[in-house]
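What follows is each chain in one-letter form.
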Amino acid sequence: QLLSASSAHMYTRALLAGCRCVELDYWDGADGEPIVWHGFTLTSSVDSLEVLRAIQQSSFVTSPYPVVLSLEVHCSAKQQQVLALQLRAVFGASL
C-alpha cells in the first residue's frame, strides 16, 4: 500500500477472508497515542485502538485458528507503553 486512505475495516476484511497473520506498523501519534501507518508512504494513519478492536471482533468469526499479529513498532518508549496497555485491554487473556 503506497497511496490510499487506510481504515480498520481492511483488517476486518482480511480476517473474514481467512487471513491468519496481519502486520501492524506502529508510529508515534501526535496526541500521545500510537497510530497504525505504513510509514514513508502517502497513506493515511488509523487509530491504534480502532484497529485492535476490529481485529479482536473479527479474528474468530470464520476460523478457529490463531491469528498472528506482526508488530513493527517505531514508537517512542512512552508510546510503546501505551500500546502495551491497549493490547492488554483489547485482547486480555487471549494474548
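Below you will find a few notes about this structure. Counting from 1, residues in each chain are numbered in the order their sequence is written. Reporting of local features is limited, given that this is a predicted model, to residues whose pLDDT is at least 70; pairs of side-chain atoms are given and counted only at 80 or more, and all residues count toward the totals for whole chains, interfaces and linings. As a rule here, side-chain values come from all non-hydrogen atoms in the structure, and water together with hydrogens is ignored.

**Brief notes about the overall build of the protein chain**
Across its full length, the protein chain carries three helices and four strands. Beginning at the N terminus, the succession of helices and strands in the protein chain can be written as α-β-β-β-α-β-α. Only C-alpha atoms enter the radius of gyration; for comparison, a globular chain is expected to reach 2.2 Å times N to the power 0.38, where N is the number of residues. Its C-alpha radius of gyration of 13 Å places the protein chain within 12% of the 12 Å reference for a compact globule of 95 residues. Along the longest, intermediate and shortest principal axes, the C-alpha atoms of the protein chain span 35 × 30 × 15 Å. Counting all 95 residues of the protein chain, 35% fall into the buried class. Residues count as neighbours in contact if any of their non-hydrogen atoms are within 4.5 Å of one another. Relative to all contacts within the protein chain whose residues are 6 or more apart in sequence, the contacts with residues 24 or more apart total 68%. Helix and strand definitions here come from DSSP, where helices need a minimum of 4 consecutive H or I residues and strands a minimum of 2 consecutive E residues; each element is numbered from the N-terminal end. Throughout, exposure labels follow a simple rule: accessible area from a 1.4 Å probe, protein chains only, divided by the maximum for the residue type, with under 20% read as buried, over 50% as exposed, and the rest as partly exposed.

**Observations regarding the layout of surface pockets**
Cavity means a closed set of points on a 1 Å grid over the protein atoms alone, one where a 1.4 Å probe fits but cannot get out, pocket means an open set with protein on both sides within 12 Å along at least 5 of 7 lines, and lining means a residue has an atom within 4 Å of a point. Grid points are joined across faces, edges and corners, and a volume is the space filled by probe spheres set on the points. The calculated volume of the second largest pocket comes to roughly 200 Å³. In this structure, the second largest pocket is lined by Ile 55, Gln 56, Ser 59, Phe 60, Pro 66, Val 67, Leu 69, Val 90, Phe 91, Ser 94 and Leu 95. Class assignment for the residues of the lining of the second largest pocket results in eight nonpolar, three polar and no charged. In this classification, the charged set is Asp, Glu, Lys and Arg, the nonpolar set is Ala, Val, Leu, Ile, Met, Phe, Trp, Tyr, Cys and Pro, and all remaining amino acids, among them Gly, are polar.

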